[in-house]
Amino acid sequence: MPSAENSTEKTLAELGVRTPEAVSALFAGLRERANKEQRWIDQSDKFEQFRVKWVGRKSGILTQVTENWLKPSDPELKRIVGQVLNEFRTHLQRLVDQAQQDLDVRAGQAADARERIDLSLPGVIRPTGSHHLIRQVFQEIEDIFFSIGFSVVEGPEIETPYYNFEALNIPEFHPVRDDMDTFYLELPPSSDKKTAPTPLLLRTHTSPMQIRTMEKHKPPVRVIVPGKVYRRDNPDATHSFAFHQIEGLAVDTDITFCDFTGTIEYFVKQFFGPSVKTRFRPSYFPFTEPSVEFDVSCPFCGGTGAAAGGGTCSKCKGAAWIELFGAGMVDPAVYGFVNYDAKKVSGFAFGIGIDRLAMLKYGIDDIQVFFQNDVRFLRQFP
Ligand code: PHE
């Protein structure tokens, strides 16, 4: 029997193979070798060697068999050689496919092993943040007004003088502009002359959203507007150049002063507790008429003005009342700016300073702590 190693380099005649049985035996030997070598494949480079050696087009064993055994074989043997060669080819292809598949599975398993999560390892502790106290107070107030039919809208912090002043019945050179002096932006002039004259400014209050809301919606309107506002104030314990307000606006065909005070009273009791009392004093805002200032009976001394251990209450300084916020019935002049019929509609508006309210409710005596973001402070209000 010729050596199996180089048998494919010779012809069948040279190998002395003349019968169909001998042909079959020869192929069986090859098949055996291929099977054995395929079992050794454990890496992709070995796979490649195997593939090239057996089915490589140029000088693979399959090609050699075709060239050396089939083509020159005697006509009477050719048919049988062709047939066995076909089976052998199919067999080799199956070996190659199988090896490839095994390698893929192995690679998948290795990747899985690499990515496996070891549940016994200690975890990474991610500190959870919490809402800033101002955000919490916003939420508290929004919830209260939401429960009585108001919806929440927000507006731009960069405003035009038209929305911040003019449409709120504050013409140029009106003295109240002095109280609200603010930051003006230098921006390229806008082409839209009516709504965006330059310069633009950082809004001094959330009241511009009264106008923007009424421009968009016909009555009835019931909205609150939380947001940041800006004034050119020097920072101290009660002033900051940026602070927070919630605007409120309710306009309908039959809203009375009673609805107004009732709504405010409901809000104050929800926020400070059922035992506080409210009162209002006359005030002045160009966009409300009449205008009022709401006070709440001091929640700290129970409205007595006296401290528990004697002396005067430090929070209200003995006054028994604490000033809360400005409000009023919407001035009919404002309706003129938004095409509402001042004869048919009426309503009220209010502007609550959130920082002040939060300081009152939570006994904080310096507004600056809201902006310093010292975690030792923030952690007290998880
Ligand atoms: N916008 C006023 C301010 O910031 C407050 C206010 C709002 C007053 C609505 C009346 C009505 O001082």
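Right above here is the structure, for reference.
A few points on the structure. Numbering of residues starts from 1 in every chain and runs along the sequence as written. In keeping with the model being predicted, local features are shown solely for residues with a pLDDT of at least 70 and side-chain atom pairs are shown and tallied solely at 80 or more, while totals for entire chains, interfaces and linings include all residues. Side-chain metrics rest on all non-hydrogen atoms present in the structure, leaving aside hydrogens and water.

Before going further, it helps to spend a moment on the overall build of the chain. Helix numbering and strand numbering both begin at the N terminus, where a helix is a DSSP run of H or I of at least 4 residues and a strand a DSSP run of E of at least 2. Regarding its fold elements, the chain presents 14 helices and 10 strands. Only the C-alpha atoms count toward the radius of gyration. The rule for a globule is 2.2 Å times the residue count to the power 0.38. For 382 residues, the compact-globule estimate of 2.2 N^0.38 gives 21 Å, and the chain exceeds it by more than 25% at 44 Å. For the chain, the C-alpha atoms occupy an extent of roughly 125 × 60 × 40 Å along the three principal directions. Counting across all 382 residues of the chain, residues that qualify as buried make up 43%. Contacts are assigned to residue pairs that have any heavy atoms within 4.5 Å of one another. Taking the contacts inside the chain whose residues are at least 6 apart along the sequence as the reference set, 69% of them involve residues at least 24 apart. Lys and Arg are tallied as positive, Asp and Glu as negative. Neither His nor the chain termini are counted. By convention, the charge on Lys lies at NZ, on Arg at CZ, on Asp at CG and on Glu at CD. The chain carries 44 positive and 50 negative side-chain charges, and their two centres are separated by 7 Å. Accessibility here uses a 1.4 Å probe with only protein chains present; expressed as a share of the type maximum, an area under 20% marks a residue as buried, one over 50% as exposed, and anything in between as partly exposed.

Glancing now at the packing of helix 2 (residues 20-39) against helix 3 (residues 44-55). Lines fitted to the C-alpha atoms define the axes, with helices restricted to the stretch that makes contact. Angles between their N-to-C directions range from 0 to 180 degrees. Between helix 2 and helix 3, the shortest axis-to-axis distance is 11 Å and the interhelical angle comes to 165°. Regarding the angle of helix 2 to helix 3, the classification is roughly antiparallel. Every pair of crossing elements has a handedness; the one defined by helix 2 and helix 3 is left-handed. In this structure, helix 2 contributes L30, R33, A34, E37 and Q38 to the contact, and helix 3 contributes F50, K53 and W54. Residue composition of the contact of helix 2 with helix 3, grouped by class: four nonpolar, one polar and three charged. To sort the angles, those under 35 degrees are grouped as roughly parallel, those over 145 as roughly antiparallel, those from 65 to 115 as roughly perpendicular, and the leftovers as oblique. Should the near helix be turned counterclockwise from the far one by less than a right angle, the crossing is left-handed, whereas a clockwise turn marks it as right-handed. Note on residue categories: nonpolar means Ala, Val, Leu, Ile, Met, Phe, Trp, Tyr, Cys or Pro, charged means Asp, Glu, Lys or Arg, and polar means any other residue, Gly included.

Take the pairing of strand 9 (residues 321-330) next. Most of strand 9 sits out of view: eight of its 10 residues are buried. Where strand 8 (residues 288-297) and strand 9 come together, eight bridges link them in antiparallel fashion. Paired with F294 across the bridge in strand 9 is F325. Bridge analysis of strand 9 against strand 10 (residues 346-353) gives four bridges, and the strand direction is antiparallel. Note that in strand 10 the partner of A327 across the bridge is F350. Two strands qualify as a pair provided DSSP detects at least 2 bridges between them.

Before going further, it helps to spend a moment on the site of the ligand. Whether a residue is near a molecule or strand depends on its heavy atoms: if one lies within 4 Å, it is near. Among the 14 residues in the neighbourhood of the ligand, the closest are listed as H205, S207, R231, Q245 and G351. Surface burial for the ligand is 92%, taken as the share of its 330 Å² of free accessible area covered by protein chains. A cavity, in this analysis, means grid points on a 1 Å lattice covering only the protein atoms where a 1.4 Å probe fits yet has no way out; a pocket is instead an open set bounded by protein on both sides within 12 Å along at least five of seven lines, and a residue lines either one if it has an atom within 4 Å of a point. Cavity and pocket membership follows a simple rule, namely that a molecule belongs there if more than half of its atoms are within 2 Å of the grid points. Applying the majority rule of atoms within 2 Å of the grid points places the ligand in the largest pocket. Only strand 6 (242-252), strand 9 and strand 10 provide two or more residues apiece to the shell around the ligand. Looking at side-chain class alone, the shell around the ligand contains five nonpolar, seven polar and two charged residues. Accessible areas in this description were obtained via Shrake-Rupley with a 1.4 Å probe; residue shielding takes into account the shown protein chains only.

What follows covers the packing of aromatic side chains. Ring pairs shown here join Phe, Tyr and Trp side chains whose ring centres sit within 6.5 Å, with only the six-membered ring taken for Trp; geometry is labelled stacked below 30 degrees between planes, edge-to-face above 60, and tilted in between. Taken as a whole and judged by the stated rule, the model has 25 aromatic pairs. Ring centres of F257 and F280 lie 5.3 Å apart, and the angle between their planes is 70°; this geometry places the pair in the edge-to-face category. You can see F257 sitting in helix 10 (residues 257-272) and its partner F280 sitting in strand 7 (residues 278-285), a full 23 residues away along the chain. Given the relative accessible area of 27%, F257 is considered partly exposed. Ring geometry for Y362 against F381: centres 5.7 Å apart, planes inclined by 80°, an arrangement best described as edge-to-face.

Turning our eyes to something else, we now look at the layout of surface pockets. The gaps of empty space that remain are located by a probe, the size of a water molecule, rolled over the atoms. Grid points are joined across faces, edges and corners, and a volume is the space filled by probe spheres set on the points. In this structure, the largest pocket encloses a volume near 1,300 Å³. Elements that contribute at least two residues to the lining of the largest pocket include exactly helix 8 (176-179), strand 6, strand 7, strand 8, strand 9, strand 10 and helix 12 (354-362). Of all the elements, strand 9 adds the most residues to the lining of the largest pocket, at seven residues. In the lining of the largest pocket, the residues fall into 22 nonpolar, 13 polar and 11 charged. Put simply, the second largest pocket is a space of about 270 Å³. Around the second largest pocket, the lining is made up of 15 residues, and of these I134, R135, F138, K228 and H244 lie nearest the centre.

Here helix 3 crosses helix 5 (residues 75-115) at 170°, and the two axes come no closer than 11 Å. Considering their axes alone, helix 3 and helix 5 lie roughly antiparallel with respect to each other. The segment helix 3 lies against helix 5, with S44, F47, F50, R51, W54 and V55 engaging F88, L92, L95, V96, A99, Q100 and L103. Split into classes, the residues belonging to the contact of helix 3 with helix 5 amount to 10 nonpolar, two polar and one charged.

On to the side chain of D295. Within the secondary structure, D295 is located in strand 8. With residues near it in sequence (within four places) discarded, D295 still touches K277, T278, R279, R281, W321, I322, E323 and L324.

Glancing now at the sheet that holds strand 3 (residues 184-185). The sheet built from three strands is open, its strands ordered 2-4-3 with antiparallel pairing. The strands lining the two open edges of the sheet, one partner per strand, are strand 2 (158-159) and strand 3. Of the pairings in the sheet, the one linking strand 2 to strand 4 (residues 200-202) comprises two bridges and is antiparallel in character. Within the sheet, the bridge partner assigned to I158 lies in strand 4 and is L202.

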